[in-house]
Amino acid sequence: MKWALNSCVISCNFANISQNMQSYILSMQIPNYVIDILKILESHGFEAYIVGGCVRDSLLGLSPKDWDITSNAEPMQTQQIFSIYADFEVIPIGLKYGTLGIRDKKGGNLVEITTYRFEGEYKDGRRPECIQFAKTLQEDLSRRDFSINALACRMLHKDIKTEEHVILWADAGLRVQNSKNLDSLPNGLRGLGRNVWNLDSSNCHIKQSETSNNPNSKKDFSNDKILDSKNCTLNPAPAQMDKNLDSKNSATHSSINMQLFDYHNGIKHLCERKIACVGNAQERFLEDSLRIMRAIRFASVLPFSFQLSSQTKEAVFLLTQKLSLIANERIQIEFTKLLCGQYAHRILSIYKSVFFFILPPLKILNAMQLNHNFEALSIAPKNIILRLSLLFCPLPYAKDIYKNREKLQKYLCDYQAICKQLHFDNKTIQRSQTLLQLLCNTEIFTAQNSKIALKYLLSQHDIEIISQLILLYVVLQKTHEALGESNLKDSILQEMPPYSKEQLYAITKDLNEIIINKECYKLSQLSINGIALQDIAKSMGTSLQGKQIGILLTKLLHAVIEEEIPNTFHSLESRARFYIARL
């Protein structure tokens, strides 16, 4: 079957899809502004489904960040519909891809409505050459990336009477109440603590024909009486529609009975904790190579430890180099989410070759160091600056880097270059690079007085950086301890890490004392300033230049840090006179 648009040919084959369609009834907590948008579209005679990530996340017990809707309403029709509702604002985003934004004025929430569509050929591995509007939900879902993202739900408007079976979607997920027979539950759902009834089950008394707008129906839109595609004449909404909108309610969410449509085994793959492409994985990745990063990102961030299907995993390794077609900023966005994911440590280890491709400096680290860094991520805070520092950290096993000043500087320069290439923001680059450099400077652990060494660090860096540095050392120490590497006899481990649990405890205690007691470690905390030094010099029959004042203040600060004198005006004045007399 083929459709032509502006000399672009789109080919689709749906011969076997309808046979695999699964339908489920469930109750979902949905924001009222989303329900209102669904109701408005349906009241004007259009189909409307929540689709993609919001459905997936709801099924996993997560709170969706974004709610997307797909509809057979074209952008011009959608715009005309919502222009008559005072509670909503139309935002023209993604029009060339059939997408409009609808902003809820009351809460400022944005919902994207995309028209059912086909996509043309992907010649650059990033975006389709053209798109064409489709007629059915089934056709639209077939263009999506992964089966768990190709799930769609519409509102049910009839009362559900299942006699023995009540299907609920509650806080913990899907579950069945008053059921005498659980044989019809899809395999694996109980593994997630979620049970759902298939509409085709003989134990469920709801039939697909009992609901309207069957997505499998072959409706002839060219003769549709609801709208005229030429002048976009719309079917008027029912009377009192505006008063019936759920956004008028005080609650932010409502529980709504929904019918879920699954054409690509998305529910099965959720149960199996599997990420699988819709259709052929290689074809999906060749269409848009960013899907490679999205696949492993989902495996990192989704709960319950998802894994890629064998076909999808094989395609990731085979087509990794296609990531060169993707804008660096888009790769960085996906990588940032991935690195802060719950399972980042596992994904980095499994797909090491992918990360070597996008982050070449990692290849310099030896296998033991990389393994150590990956494990460290499993207990690290979900902060991109801290996690970047840990991922690239050469401590404790890449001694050829952190103990060689020239190699270390080159490594840090390479790190900065790749971060800039991927368009990380300046703060992230600067602070993570500073932490990397400080991690490799272990003098704080060998100094005779660690508190004095800590004050010198504080004089050069802010408290946040030093606090993060100590936290990273704690993570490294715990990782080393957890891996049991201190008991190994391998030659690479002949020298133990420079930090120990006892040292880190002492340094943390010192930092707390410095902060609580407001001990002096920077110029602004000195009990004397440049004006006072000028007055002292004048009383001694001399004068000071600006540079000399700076030097004197620094010498006085060092004297206080070294605990040679207390931070009092009298002590500082006496030491200042001593220094000035020798200028």
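Just above, that's the structure.
This write-up is about the structure you can find in this document. (Residues numbered from 1 in each chain as written. Predicted model: local features only at pLDDT ≥ 70, side-chain atom pairs only at ≥ 80, totals over all residues. Heavy atoms only, no water.)

**Concerning the overall build of the chain**
So, step 1. Check the secondary structure of the chain and you find 24 helices and 16 strands.
So, step 2. The buried share among the 583 residues of the chain stands at 51%.
So, step 3. Counting contacts in the chain only where the partners sit at least 6 residues apart, residues at least 24 apart contribute 71% of the total.
So, step 4. Counting only carbon and sulfur atoms, one obtains 48% of the accessible surface of the chain, whose full area is about 27,900 Å². (Helix = DSSP H or I, 4+ residues; strand = E, 2+ residues; numbered from the N terminus. Buried < 20%, exposed > 50% of the residue type's maximum accessible area, 1.4 Å probe, protein only. Contact = heavy atoms within 4.5 Å. Areas by Shrake-Rupley, 256 points an atom, 1.4 Å probe, with all protein chains shown as cover.)

**Some remarks on the side chain of Arg144**
So, step 1. Turning to its location among the elements, Arg144 is positioned in the loop between helix 5 (137–141) and strand 11 (151–155).
So, step 2. Polar side-chain contacts of Arg144 include one of 2.8 Å to the side chain of Asp140.
So, step 3. For Arg144, the residues in contact, after removing those within four places along its chain, are Val51, Thr70, Asn149, Ala150, Val278 and Arg284. (Polar contact = N/O pair within 3.5 Å; in protein donor to acceptor, adjacent residues only side chain to side chain.)

**Here's the deal with the sheet that holds strand 8 (residues 110–115)**
Within a sheet, each strand pairs with its neighbour through backbone hydrogen bonds, oriented either parallel or antiparallel.
So, step 1. Ordered by their spatial adjacency, eight strands build an open sheet running 3-14-11-4-5-8-7-6, and the pairing between neighbours is mixed. Both outer strands of the open sheet, strand 3 (22–31) and strand 6 (88–91), are each paired with one neighbouring strand and no more. Adjacent strand axes in the sheet meet at a mean angle of 35°, parallel and antiparallel pairs treated alike.
So, step 2. Pairing between strand 5 (residues 68–71) and strand 8: four bridges, direction parallel. For Ser71, the partnering residue across the bridge sits in strand 8 and is Thr115. (Pairing = 2+ DSSP bridges. Axes fitted to C-alpha atoms, helices over the stretch in contact; angles between N-to-C directions.)

**Comments concerning the environment of Tyr33**
So, step 1. Position of Tyr33 relative to the elements: it lies in helix 2 (residues 32–43).
So, step 2. Residue Tyr33 is classed as buried on the basis of its relative accessible area of 14%.
So, step 3. When residues no more than four places from it in sequence are discounted, the contact partners of Tyr33 are Trp67, Phe88, Asp104, Asn109 and Val111.

**Observations concerning the packing of aromatic side chains**
So, step 1. Applying the stated criterion across every chain yields a total of 11 aromatic pairs.
So, step 2. For the ring pair Phe445 and Tyr473, a centre distance of 4.7 Å and an interplane angle of 85° mean the geometry is edge-to-face. Placement of Phe445 in helix 18 (residues 443–446) and of Tyr473 in helix 20 (residues 463–483) is noted, with a sequence separation of 28 residues between them. There is no split in this pair, since Phe445 and Tyr473 are both buried.
So, step 3. An aromatic cluster is present here, built from Phe82, Tyr85 and Phe88 joined pairwise through their rings.
So, step 4. Of note, Arg297 hangs over the ring of Phe298, and the distance from its end group to the ring centre comes to 4.5 Å.
So, step 5. Taking the ring centre of Tyr579 as reference, the NZ or CZ of Lys555 above it sits at 4.3 Å. (Phe/Tyr/Trp six-rings, centres within 6.5 Å; stacked < 30°, edge-to-face > 60°. Lys NZ or Arg CZ within 6 Å of the ring centre and 35° of its normal.)

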